[in-house]
Amino acid sequence: MDGRKPSWLRAKLPTSPEYRKTREIVDNSSLHTVCQSAQCPNLGECWSRRTATVMILGNTCTRACTFCAIHTGRPTELDLAEPARVASGIQQMGLKHAVVTSVSRDDLKDGGAAVWASTIRAIRYKNPETAIEVLIPDFRGNTDHLDIVLDANPDILNHNMETVKRLQRPVRKTASWEVTSKILEHAKSRGFTTKSGIMLGIGEEDHEIEETIRHMNTIGLDILTIGQYLRPTKEHRKMFRWVTPEEFRQWKEFGEGLGIGVVESGPLVRSSYHADEQSDRFARSETTCSA
């Protein structure tokens, strides 16, 4: 499906001084961001709020998911100075809630877990008041490698399911429903706040969306994001439909009605979109439930 975007998906062009300052920090710190690499439609808004989602372990992913715009290939290096630059960049942006993600690095024995841990600790050292949300790869389901990340004590563990069970192989290729569930369940069993996300408009049916949200609730997910799939290029998986704001609202109500603490659902929603607000809402919901 191609054609003109509906009005609810048209993002404003970035022009503010805050946007330019964020770009300057990213460039001067030699940081990669998923905002740029994944062609996020919210880049202008988020960078104008002086926030960016840093992407570690380089800018080349060893996987070739059919929905993702990030460059695929064989990484050529491992930058051990990256954690310090990330921590400094986050400090310069003044973030109170930092989101860090990475490419998949299946070429590394630990999938990059040690660099993940070093990055979390570097951020914590330089920004002790900053909440750290990590959007991690699946480490091929290896919970020993996952524990290296969790032992560094991030505040939120995010790993995306991306789509419904039937579409896992055509959309994600080397990832799976079972492995993602295992990652989230293991983090939850260790007491971490867990988060995941799915895309709509990629070929799923309504009953499959319902099944997925029910499954997320069953494994104890705390925060769920639901957004519109946008096809990066004609070489990527095609988009099947525009999902209306009303449909997104209905899925939000459904998920929160089941018991998921926070469901952020809307056409422009992405994993890190207003992640600070999602975290605050979840904390408030936990306080209310325990009162």
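To start, this report covers the structure provided alongside it. Predicted model only: the values in this text are computed from it and were never measured.

## Some points on unusual backbone geometry
The backbone of Phe139 sits at a positive phi, close to 50°, despite the residue not being glycine. As for its placement among the helices and strands, Phe139 is situated in the loop between β4 (131-135) and α6 (143-150). Exposure remark for Phe139: the relative accessible area of 6% places this residue in the buried category. In this structure, Lys173 takes a positive phi of about 65° despite not being glycine. By secondary structure assignment, the location of Lys173 is in the loop between α7 (168-172) and α8 (177-189).

## Here we look at the sheet that holds strand β3 (residues 97-102)
Strand order in the open sheet formed by 8 strands is β1-β2-β3-β4-β5-β6-β7-β8, and the pairing between neighbours is mixed. At either margin of the open sheet sits one strand with a lone partner, and together these are β1 (32-33) and β8 (262-265). Pairing of β1 with strand β2 (residues 54-56), which is carried by 2 bridges, proceeds in the antiparallel orientation. Looking at β2, one finds that Thr33 is bridged to Val54. Relative to strand β6 (residues 193-200), helix α9 (residues 206-218) is tilted by about 175°, and along the sheet it contacts β6 and β7 (223-228).

## Some remarks on helix α1 (residues 17-28)
Its 12 residues place the ends of α1 16 Å apart at the C-alpha level, agreeing with the 16 Å of an ideal helix rising 1.5 Å per residue. One or two residues past the end of α1 sits Ser30, with phi positive at roughly 55°.

## Topic: the pattern of salt bridges
For the coordinates displayed, the defined rule picks out 20 salt bridges. Arg63 is paired through a salt bridge with Asp138; the nearest N and O atoms lie 2.8 Å apart. One end of the pair, Arg63, is in the loop between β2 and α4 (82-93); the other, Asp138, is in the loop between β4 and α6, and 75 residues separate them in sequence. The residues Arg63 and Asp138 share a single accessibility class, namely buried. The residue Arg281 makes a salt bridge to Glu264 at a minimum N-O spacing of 2.5 Å. Of this pair, Arg281 sits in helix α11 (residues 275-290) while Glu264 sits in strand β8; the two residues are 17 residues apart in sequence, bridging distant segments of the chain. Given a relative accessible area of 25%, Arg281 falls into the partly exposed group. Accessibility expressed as a relative area gives 17% for Glu264, which makes it buried. Connected through salt bridges with shared partners, the residues Arg63, Asp106, Asp138 and Arg140 form a single ionic network.

## Some words on the environment of Asp27
Residue position: Asp27 is located in helix α1. Its relative accessible area of 44% is what places Asp27 among the partly exposed residues. Along the sequence, Asp27 and Gly89 sit 62 residues apart, while their C-alpha atoms lie 9.7 Å from each other.

## Comments concerning the layout of surface pockets
Roughly 190 Å³ of volume is contained in the second largest pocket. Forming the walls of the second largest pocket are 14 residues, and the residues nearest its centre are His32, Leu57, Gly58, Asn59 and Glu77. Residue composition of the lining of the second largest pocket, grouped by class: 3 nonpolar, 6 polar and 5 charged.

Cut-off values and rules
- Here the residue numbers are simple positions, counted from 1 along each chain's written sequence.
- Residues qualify for local features only when their pLDDT is at least 70, as the model is predicted, and side-chain atom pairs are given and counted only at 80 or more; totals for whole chains, interfaces and linings, by contrast, use all residues.
- Only heavy atoms go into the side-chain values, all of them from the structure, while hydrogens and water stay out.
- Labels follow the DSSP assignment, with helices taken as runs of H or I lasting at least four residues and strands as runs of E lasting at least two, numbered in each case from the N terminus.
- The cut-offs for exposure are 20% and 50% of the maximum accessible area for each residue type, with area from a 1.4 Å probe on protein chains only; residues under the lower value are buried, those over the upper are exposed, and the others partly exposed.
- Pairs of strands are assigned from DSSP output, requiring at least two bridges between the strands.
- Here a residue-residue contact requires only that any non-hydrogen atoms of the pair lie within 4.5 Å.
- Fitting a line to C-alpha atoms yields each axis, with helices limited to the stretch in contact; the angle taken between N-to-C directions then spans 0 to 180 degrees.
- What a helix is expected to span follows from its residue count: subtract one and scale by 1.5 Å.
- A pairing counts as a salt bridge when a side-chain nitrogen of Lys or Arg comes within 4 Å of a carboxyl oxygen of Asp or Glu.
- In this analysis the probe radius is 1.4 Å and the grid spacing 1 Å, with only protein atoms considered; a cavity is a set of points the probe fits into but cannot get out of, a pocket is an open set with protein on both sides within 12 Å along at least five of seven lines, and lining residues have an atom within 4 Å of a point.
- Grid points are joined across faces, edges and corners, and a volume is the space filled by probe spheres set on the points.
- Here the term charged refers only to Asp, Glu, Lys and Arg, the term nonpolar to Ala, Val, Leu, Ile, Met, Phe, Trp, Tyr, Cys and Pro, and the term polar to all other amino acids, Gly among them.

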